[in-house]
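# Observations on chain architecture
Given next are the chains, with one letter for each unit.
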Amino acid sequence: MNEHDADFSADISDELFQEAVLWHGRLRDLPASYGRYEMVVAEFESWREQSSLHRAAFCEVELLWGKLELPIKRIWRAQTQVSQGEFITQDGKSKGASQMHFSWRRAMALAAVIVVCVVMGHYVKNDVEQYFNPDLYITTQQPMTRTLPDGSKVMMNVQSQLEVAFSSDKRLVKLQEGEVWFDVAHNAKKPFVVETALGNITVLGTRFNVRKTADAVFVSLVKGRVELRDNAAPRIRTTVLAPGMEASLTRQGVAAAHPFDVFATTAWQNDQMVFYDSPVSEVVNELNRYYPGKIVIANSSLRDLHISGVFQTDNIGRVLGAIENTLPVRVIRLTDYFVFLVWRGDA
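Notes on the structure in this doc start here.

Calculation rules
Residues numbered from 1 in each chain as written. Predicted model: local features only at pLDDT ≥ 70, side-chain atom pairs only at ≥ 80, totals over all residues. Heavy atoms only, no water. Core = buried A, V, L, I, M, F, W, Y, C linked by side-chain atoms within 4.5 Å. Buried < 20%, exposed > 50% of the residue type's maximum accessible area, 1.4 Å probe, protein only. Helix = DSSP H or I, 4+ residues; strand = E, 2+ residues; numbered from the N terminus. Contact = heavy atoms within 4.5 Å. Pairing = 2+ DSSP bridges. Axes fitted to C-alpha atoms, helices over the stretch in contact; angles between N-to-C directions.

Counting residues in each nonpolar core, the largest one holds 28 residues, and the members touching the most others are Met273, Leu287, Ile295, Ile316, Val319, Leu320 and Leu341. Those elements that provide at least two residues to this core are β18 (272-279), α8 (280-290), β19 (294-297), β20 (306-312), α9 (316-326), β21 (329-333) and β22 (338-343). Those residues in contact with Leu341 that sit more than four places away from it in its chain are Val280, Val284, Ile295, Val296, Ile297, Ala298, Asn299, Leu302, Leu320, Val329, Arg330 and Val331. In terms of nonpolar packing, the next biggest core, distinct from the first, is built from 27 residues, Val154, Val184, Leu198 and Val203 among them.

Structure below.
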């Protein structure tokens, strides 16, 4: 932002600033190969040239975008200085709290708009996919229960995708993302198969939980029998689970089966999360499934700290409070959508 445009900073309305944010996001994600690329750029240039305030608003968005990438420690210190009424710039000059608060508010508005755009884009994508494929079940922030054509019942956890592809000789469902509880109707002539990216689970009639993560698919059997066949060596490696046992499909094959805690594994069906001496990294991954924004671990060394407890999925604040009260961690809420975990001494 040049000196002339900076004079207009305080005169930029929130509406104009949000227009600039949307233009900035649109241009960042616009591929040069897009058919209307030149037309969109021309529309942007026309918008920007409407006034000096339009140009100043876009320049401020570009500057604040860079500031959002600053280390969280510097951002938090800057906000603390603002709350104390003064901020010292790099050239030694003092800025008043009202002026710095204005910039901070704008930065947080930019962050909030970015998150809203990302979240809304995700929801719109889901709606479009479901419209064109009625056999695709998708959950976002709420679990969902469905009865399949054969009478089997599935309960899907949040952030899950399941496609039903039944045929004349097979009952096939494809777990694309998330976690699903299966209560399969018995049919010896028509096997029920859960297909995943790492392998298949074949059953005749049983109750079990399947959870897909970035690196594995965990299968936890409560009743009946299931056969696990991994993609690494599908003709050789099969594992049959007995009730009360759990195994995982990985890129290397099927991991050794072991007993599992039914209460902890099925707690999500009662809107609960159970952590037994769990590392903070796993806890945050679980929280982000239910949190409408994003929780970020700012210091990698915090990932290996451990915490235990039983919490409600609709009370993420209680879990964050437990982390802050029992560990040397400071929870920093930048907005309603951005939460950072940092070492207590760093904030």
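That was the structure; now back to the text.
Its identity is not glycine, yet Gln159 carries a phi of approximately 55 degrees, on the positive side. Tracing the backbone shows Gln159 in the loop between β5 (153-156) and β6 (161-164). For Gln159, a relative accessible area of 18% corresponds to the buried category. Positive phi outside glycine occurs at Asp271, with the angle close to 60 degrees. With respect to the secondary-structure elements, Asp271 resides in the loop between α7 (262-266) and β18.

To continue, consider α8. Burial of α8 is extensive: 9 of the 11 residues sit out of reach of the surface. What α8 keeps buried is the set Val280, Ser281, Val283, Val284, Glu286, Leu287, Asn288, Arg289 and Tyr290.

This part takes up the sheet that holds β21. The 3 strands lie next to each other as β19-β22-β21, forming an open sheet whose pairing is mixed. Bordering the open sheet on either side are β19 and β21, each of which pairs with just one other strand. The mean inter-strand angle of the sheet, taken between neighbouring strand axes irrespective of direction, is 20 degrees. Bridge count for β19 against β22 is 4 bridges, and the pairing is parallel. Residue pairing for β22: Ile297 is matched across the bridge by Leu341. Seen against the sheet, α8 touches β19 and β22 and runs at an angle of roughly 165 degrees to β19. α9 rests against β19, β21 and β22 of the sheet, and its axis sits at about 145 degrees to β21.

Scope: geometric values only; no functional claims are made or implied.
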